[in-house]
There are 2 protein chains.
Amino acid sequence: METTTFSALAEPNRLRIVELLLSVKGPLTVGEIADRLGLQQPQASKHLRVLLEAGLVEVEAVANRRNYKLRVEPLQALDVWLETYRKVWDERFDNLEAYLQKLQSKENN
Amino acid sequence: METTTFSALAEPNRLRIVELLLSVKGPLTVGEIADRLGLQQPQASKHLRVLLEAGLVEVEAVANRRNYKLRVEPLQALDVWLETYRKVWDERFDNLEAYLQKLQSKENN
DNA sequence: TAATAATATTCCTTTACAGGAATATTCCCG
DNA sequence: CGGGAATATTCCTGTAAAGGAATATTATTA
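Remember, predicted model here, so these are calculated numbers, not experimental data.

## Let's talk about the sheet that holds strand S1 (residues 28–29) of chain A
Strand pairing in a sheet is mediated by backbone hydrogen bonds. Such pairs are either parallel or antiparallel. All names here are of chain A. Read from one edge of the open sheet, 3 strands run S1-S3-S2, paired in antiparallel fashion. The open sheet terminates on both sides in strands that have one partner only, identified here as S1 and strand S2 (57–62). Sheet topology note: the S1/strand S3 (residues 65–70) ladder contains 2 bridges and is antiparallel. From the neighbouring strand, Thr29 faces S3, where its bridge partner is Asn67. Packing against the sheet, helix H2 (residues 12–24) makes contact with S1, S2 and S3, and its axis sits at approximately 85° to S3. Helix-sheet contacts for helix H4 (residues 41–53) involve S2 and S3, and the interaxial angle to S2 is about 120°.

## Comments concerning the protein's contact with DNA strand C
Neighbouring residues of DNA strand C: 22 residues in total, closest Thr29, Gln41, Ser45 and Tyr68 of chain A together with His47 of chain B. Close to the protein, within 4 Å, the atoms of DNA strand C are drawn from sugar and phosphate at a rate of 61%. Between DNA strand C and Ser45 of chain A there is a distance of 2.5 Å, counted from a phosphate oxygen to a side-chain nitrogen or oxygen. With respect to DNA strand C, the side chain of Lys46 of chain A contributes an N or O atom lying 3.3 Å from a base oxygen. In terms of residues, the surface near DNA strand C owes the most to one element, H4 of chain A, which gives 5 residues.

## Things to note about the domain arrangement of chain A
Residues and elements named next belong to chain A. What the domain assignment lists for chain A is domain 1 (4–71) and domain 2 (72–109). Measuring from the centre of the C-alpha atoms in domain 1 to the corresponding centre in domain 2 gives 36 Å. Facing 8 residues of domain 1, the contacting portion of domain 2 comprises 6 residues. Across the domain 1/domain 2 interface, buried area totals approximately 570 Å², and carbon plus sulfur atoms make up 76% of it. Put simply, domain 1 and domain 2 have 1 salt bridge between them. A salt bridge links Arg71 to Glu73, with the nearest nitrogen and oxygen atoms 3.6 Å apart. For the pair domain 1 and domain 2, the number of links is 0 residue pairs in polar contact (both at pLDDT 80 or more). Here the element with the most residues in the side of domain 1 that touches domain 2 is helix H1 (residues 4–9); it accounts for 3 residues. Along the lines of polarity and charge, the residues of the side of domain 1 that touches domain 2 split into 5 nonpolar, 2 polar and 1 charged.

## Some words on the packing of aromatic side chains
Throughout the structure, instances matching the rule amount to 5 aromatic pairs over all chains. Taking 5.6 Å as the distance between ring centres and 70° as the angle between the ring planes, the aromatic pair formed by Phe6 of chain B and Trp81 of chain B counts as edge-to-face. Within this pair, whereas Phe6 of chain B is found in helix H1 (residues 4–9), its partner Trp81 of chain B is found in helix H5 (residues 73–107), the two being separated by 75 residues in sequence. Of the two residues, Phe6 of chain B and Trp81 of chain B, neither departs from the other in class, the shared state being buried. Measuring from ring centre to ring centre gives 4.6 Å for Trp81 of chain B and Tyr85 of chain B, while their planes differ by 55°; the resulting arrangement is tilted. Note that Trp81 of chain B and Tyr85 of chain B are positioned in helix H5 at a spacing of 4 residues, about one turn of the helix. Every member of this aromatic cluster is reached through a ring pair, and the members are Phe6, Trp81 and Tyr85 of chain A together with Phe6, Trp81 and Tyr85 of chain B.

## Here we look at the sheet that holds strand S2 (residues 57–62) of chain B
Residue and element names in this part refer to chain B. Read from one edge to the other, the open sheet built from 3 strands follows the order S1-S3-S2, with strand pairing classed as antiparallel. Sheet topology places strand S1 (28–29) and S2 at the edges, where each strand pairs with a single neighbour. The pairing of S2 with strand S3 (residues 65–70) spans 6 bridges and is classified as antiparallel. Within S3, the residue paired with Val57 across the bridge is Leu70. Along the sheet, helix H2 (residues 12–24) makes contact with S1, S2 and S3, crossing S3 at roughly 85°. Across the sheet, helix H4 (residues 41–53) is in contact with S2 and S3; its angle to S2 comes to roughly 120°.

Criteria and thresholds
- Residues numbered from 1 in each chain as written.
- Chains lettered and ligands numbered in written order.
- Predicted model: local features only at pLDDT ≥ 70, side-chain atom pairs only at ≥ 80, totals over all residues.
- Heavy atoms only, no water.
- Pairing = 2+ DSSP bridges.
- Helix = DSSP H or I, 4+ residues; strand = E, 2+ residues; numbered from the N terminus.
- Contact = heavy atoms within 4.5 Å.
- Axes fitted to C-alpha atoms, helices over the stretch in contact; angles between N-to-C directions.
- Near = heavy atom within 4 Å.
- Polar contact = N/O pair within 3.5 Å; in protein donor to acceptor, adjacent residues only side chain to side chain.
- Domains from an automatic or database assignment.
- Buried area = accessible area lost by both parts, 1.4 Å probe.
- Salt bridge = Lys/Arg side-chain N within 4 Å of Asp/Glu carboxyl O.
- Nonpolar A, V, L, I, M, F, W, Y, C, P; charged D, E, K, R; others polar.
- Phe/Tyr/Trp six-rings, centres within 6.5 Å; stacked < 30°, edge-to-face > 60°.
- Buried < 20%, exposed > 50% of the residue type's maximum accessible area, 1.4 Å probe, protein only.

Okay, here's the thing in structure tokens:
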């Protein structure tokens with residue numbers, strides 16, 4: 001697992017940008033993002049740059065504006081990575097189940 | 001979504017610790033972690049502290065040693081957070097499917 | 001072409017944090 | 001009780017990164 005996705009999302013304002021882009025389900029302009037999140041334009045630009053380099057967003061230039069939208073690939077990679085952990089906590093659950101069954105069969109004796 | 005999980009995992013050596021603890025499926029000692037990852041003991045301790053504060057690991061003190069093991073809760077929270085994104089990329093997939101069906105019905109005319 | 005809008009970049013300052021080295025702490029055992 | 005093992009903490013230094021302010025860049029439009 002690459003650490004770039006984590007560090008990109010480790011900054012609160014960047015996480016907010018990602019969640020904003022998720023909630024609107026479509027591209028947003030730098031100015032719109034800055035407005036909605038109460039960020040100054042340069043900071044919005046800078047955070048978007050980081051997100052861009054991390055592959056979490058993509059841009060389309062339309063005249064003066066830049067439309068930023070989410071890319072799901074890094075989050076899908078994260079999802080795949082978590083798959084391993086899901087197995088672990090499923091196993092623990094299975095163990096718990098097995099343990100409970102054991103208890104139950106003891107009670108039946 | 002809290003940003004602490006992300007920042008904890010944003011550091012490569014900490015991510016390696018988490019993955020190591022996952023692969024061994026059981027608790028490990030500070031020394032064992034340092035050895036297996038080629039870290040110096042103080043750095044291992046410091047990283048484990050951060051992971052501990054982020055709730056990603058827990059400790060059990062046994063005499064001289066500290067046994068660290070994974071906690072799945074933060075990763076489960078991450079999993080829940082990703083659920084929203086899964087919906088998004090499923091929607092995109094649905095749209096693709098709808099589009100393909102549309103194509104197909106056109107071909108049938 | 002000048003003015004303006006939208007965005008990106010640069011410079012500066014402050015802060016957080018990682019690694020190295022040394023040291024403190026805690027516990028076991030002879 | 002003293003020594004040694006395992007771990008944590010502290011101090012120092014270098015570096016990366018975030019925000020603010022100013023400025024550069026690019027494109028539109030009158």
